[in-house]
Amino acid sequence: MKIGVIADDFTGASDIALTLAEGGMRTAQFIGVPDAPAPSVIKAGVVALKTRTCPVDEAVETSRAACDWLIDQGATQIIFKVCSTFDSTDSGNIGPVLDALAERLNAPRTITCPAFPENGRSVYQGHLFVNDTLLNESGMQDHPLTPMRDADLRRVLARQSQQEIGHVPALTVLQGADAIKTALPATGHIIVDAISDENLMEIGKAVQDEVLLCGGSGIALGLPVNFGVSPGSPDWQAITGPGAVLSGSCSIATRAQVTRFKAKAPHREITAEDVLDHGLSATDLADWALAQPSAPLIYSSADPEIVRAAQDKYGQDTVAQAIEALFSDLAKTLVANGISRLVVAGGETSGAVVSGLNATMLQIGPRLAAGVPALRLEQDRPIAFALKSGNFGDEDFFASALARMEGTP
Ligand SMILES: Nc1ncnc2c1ncn2[C@@H]1O[C@H](COP(=O)(O)OP(=O)(O)OP(=O)(O)O)[C@@H](O)[C@H]1O
Ligand SMILES: O=C(O)[C@@H](O)C(=O)CO
């Protein structure tokens, strides 16, 4: 293994795994910290954790363990993969994990850039934009778990970290790799601006010898070439059989996808009340889903006012955990009863689903959308997954992903 990635959620893990795989590296996504060595053919290993919103100490400890495992596999460069919208709160978890990894790796400085231009995320003057709006006006200010109310990443990270925060501005990045390298301060966490893939390729060259990087999948764009590989599309063998869509993301993009898919597919909504007051069970939902004539959608995705009201009534963690536990049990029951293609929307939701299936390693297939690969899980039969980040994919994503898993994406 050459590159090791510690991803703070499951959709983010497959996002960066796709970038590394398309960059030409044999890549696998591991579910949690493995207790066995990686296959020797794997040149980029992505450990998917569920640490974006867990208690800080747990995030630090698990991320350190993932780092140790990746180093044991031979990784010489470590990436801490966070959300391209820098999802976190003032207490963490990005800053504390980055501080701990820097200490573990004896890295005097780290480079952070969450830009993902293909999906509209850019960093300019230290501020994160989603398309043409600042992060804090992009809809992310209403996220159920990590509302982002400040777009200045220097301030956001400073509130979470013990280290000094540096910045390399776009005007320097535009001058290319040598200028970036020269401008990097010797110590601290350094936010680097990037507004295009070309910028990210230059950053990739500039950070060839840096041991710890942090960012969205864009930070990996310019790295595989440093290891002498050439870009290509990962292989895929079609997986047929019944499908289903499970959506726990409440993002703007996912809600539009839910609306679009509902117009043509059997669908069923899960509300916080159903789960917490009326004892809705995974078995009831699975019985319904398995009786449908075409791939059904089961969703808890809801507008911000509905989410806020549920959180006020039951408590944020209680609702999130109850809904995630239901999706986890549901996925397990569906797969046990023949579902072979699963599209899942939302990072936390994907974490719950994949953990529920006791998956340990996912193979990375070709892209279904920017940042979303087709994934293959080998159990007693192959299962195809899409683990879609909340804000990724076009409105037709659910139908197109299910269709493309059956053919050649
Ligand atoms: N109706 C609802 N009411 C309250 N909370 C909900 C509701 N539906 C989902 N949630 C919770 O909101 C959270 C959504 O997070 P998730 O990571 O799955 O989506 P996302 O943040 O949009 O995706 P990503 O992290 O990939 O951007 C989950 O913890 C989920 O359980
Ligand atoms: O970087 C992103 O936006 C995604 O990969 C993600 O992490 C969302 O959960």
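Residues numbered from 1 in each chain as written. Chains lettered and ligands numbered in written order. Predicted model: local features only at pLDDT ≥ 70, side-chain atom pairs only at ≥ 80, totals over all residues. Heavy atoms only, no water.

(A) Representation of the sheet that holds strand 6 (residues 121–124) in the model. Read from one edge to the other, the open sheet built from three strands follows the order 6-7-8, with strand pairing classed as antiparallel. The open sheet is flanked by strand 6 and strand 8 (133–134), the only strands paired with a single partner. Relative to strand 8, strand 7 (residues 127–130) is paired through two bridges, and the arrangement is antiparallel. Looking at strand 8, one finds that Val 130 is bridged to Thr 133. (Pairing = 2+ DSSP bridges. Helix = DSSP H or I, 4+ residues; strand = E, 2+ residues; numbered from the N terminus.)

(B) Representation of the environment of Phe 80. Structurally, Phe 80 can be placed in strand 4 (residues 77–81). Taking the C-alpha atoms as reference, Phe 80 lies 21 Å from Gly 120; in sequence the two are 40 residues apart.

(C) How the structure looks around the site of ligand 1. By nearness alone, 23 residues border ligand 1, and His 143, Ser 249, Glu 324, Glu 348 and Thr 349 come closest of all. For ligand 1, an oxygen atom lies 2.5 Å from a polar atom in the side chain of His 143. Protein contact buries 96% of the 640 Å² of open area that ligand 1 shows by itself. Of all the secondary structure elements, the ones that give two or more residues to the shell around ligand 1 are helix 12 (316–336) and helix 13 (347–356). Take the shell around ligand 1: its biggest share by element is four residues, from helix 12. Residues that form the shell around ligand 1 fall into these classes: eight nonpolar, 11 polar and four charged. The residues that make up the shell around ligand 1 include at least three from each of domain 1 (3–227) and domain 2 (243–405). (Near = heavy atom within 4 Å. Polar contact = N/O pair within 3.5 Å; in protein donor to acceptor, adjacent residues only side chain to side chain. Areas by Shrake-Rupley, 256 points an atom, 1.4 Å probe, with all protein chains shown as cover. Nonpolar A, V, L, I, M, F, W, Y, C, P; charged D, E, K, R; others polar. Domains from an automatic or database assignment.)

(D) Layout of helix 8 (residues 252–262). Restricting attention to buried positions, one finds in helix 8 the residues Ala 253, Thr 254, Gln 257, Val 258 and Phe 261. The arc that holds the buried residues of helix 8, viewed along the axis, is 140 degrees, so those residues lie on one side. Structural note: helix 8 exposes Ile 252 and Thr 259 on the side pointing more than 90 degrees away from its buried face. Structurally, helix 8 contributes buried residues whose contacts are with strand 12 (243–247), strand 14 (297–299), strand 15 (341–345), strand 18 (382–388) and helix 14 (397–406). (Buried < 20%, exposed > 50% of the residue type's maximum accessible area, 1.4 Å probe, protein only. Arc of directions from axis to C-beta. Contact = heavy atoms within 4.5 Å.)

(E) Here's a closer look at the domain arrangement of the protein chain. Taken domain by domain, the protein chain comprises domain 1 (3–227) and domain 2 (243–405). Taking the mean C-alpha position of each, domain 1 and domain 2 sit 26 Å from one another. Each partner contributes to the interface: domain 1 provides 30 residues, whereas domain 2 provides 36 residues. Regarding the contact of domain 1 and domain 2, the summed buried area is about 2500 Å², with carbon and sulfur atoms giving 59% of it. Linking domain 1 to domain 2 there are five salt bridges. (Buried area = accessible area lost by both parts, 1.4 Å probe. Salt bridge = Lys/Arg side-chain N within 4 Å of Asp/Glu carboxyl O.)

(F) Quick peek at the site of ligand 2. In the neighbourhood of ligand 2, the contacting residues comprise Asp 9, Thr 11, Gly 12, Asp 15, Arg 52, Lys 81, Val 82, Cys 83, Ser 84, Ser 389 and Phe 392. Side-chain polar atom of Asp 15 to an oxygen atom of ligand 2: 2.6 Å apart, as the coordinates give it. Contact distances for ligand 2 include 2.7 Å between an oxygen atom and a side-chain N or O atom of Arg 52. Across the complex, the protein chains shield 96% of the 270 Å² of accessible surface that ligand 2 would expose by itself. Here the element with the most residues in the shell around ligand 2 is helix 1 (residues 10–22); it accounts for three residues. Partitioning the shell around ligand 2 into residue classes produces three nonpolar, four polar and four charged.

(G) Representation of the UniProt feature "domain: Four-carbon acid sugar kinase N-terminal" (unreviewed entry) in the protein chain within the structure. With numbering matched to this structure, UniProt assigns "domain: Four-carbon acid sugar kinase N-terminal" (unreviewed entry) to residues 3–222. With 32% helix and 22% strand, residues 3–222 has end C-alpha atoms that lie 12 Å from one another. (UniProt positions renumbered as here; feature names shortened; annotations may be inferred.)

(H) Looking closely at the confidence of the model for the protein chain. Considering every residue of the protein chain, the mean pLDDT works out to 96; 100% of them sit at 70 or more. Interface predicted TM-score (ipTM) for the complex: 0.97; the corresponding pTM is 0.93. (pLDDT = per-residue confidence, 0-100.)

(I) Inspection of the pattern of salt bridges at higher detail. Applying the stated criterion to the full structure yields 24 salt bridges. In this structure, Arg 52 engages Asp 9 in a salt bridge whose closest nitrogen and oxygen atoms are separated by 3.2 Å. Separated by 43 residues along the polypeptide, Arg 52 in the loop between strand 3 (44–48) and helix 2 (56–72) and Asp 9 in the loop between strand 1 (3–7) and helix 1 bring together distant segments of the chain. Accessibility assignment for this pair places Arg 52 and Asp 9 in one class, buried. One continuous salt-bridge network, built from bridges that share partners, spans Asp 8, Asp 9, Arg 52 and Asp 87.

(J) Just the pairing of strand 5 (residues 109–113), in detail. Burial of strand 5 is extensive: five of the five residues sit out of reach of the surface. Across the two faces of strand 5 the burial is the same, with Arg 109, Ile 111 and Cys 113 and Thr 110 and Thr 112 all buried. The pairing of strand 5 with strand 10 (residues 188–192) spans four bridges and is parallel. Note that in strand 10 the partner of Ile 111 across the bridge is Ile 190. Judged from the three bridges that link them, strand 5 and strand 11 (residues 212–215) form a sheet pairing that is parallel. Bridge pairing in strand 11 places Cys 113 opposite Gly 215.

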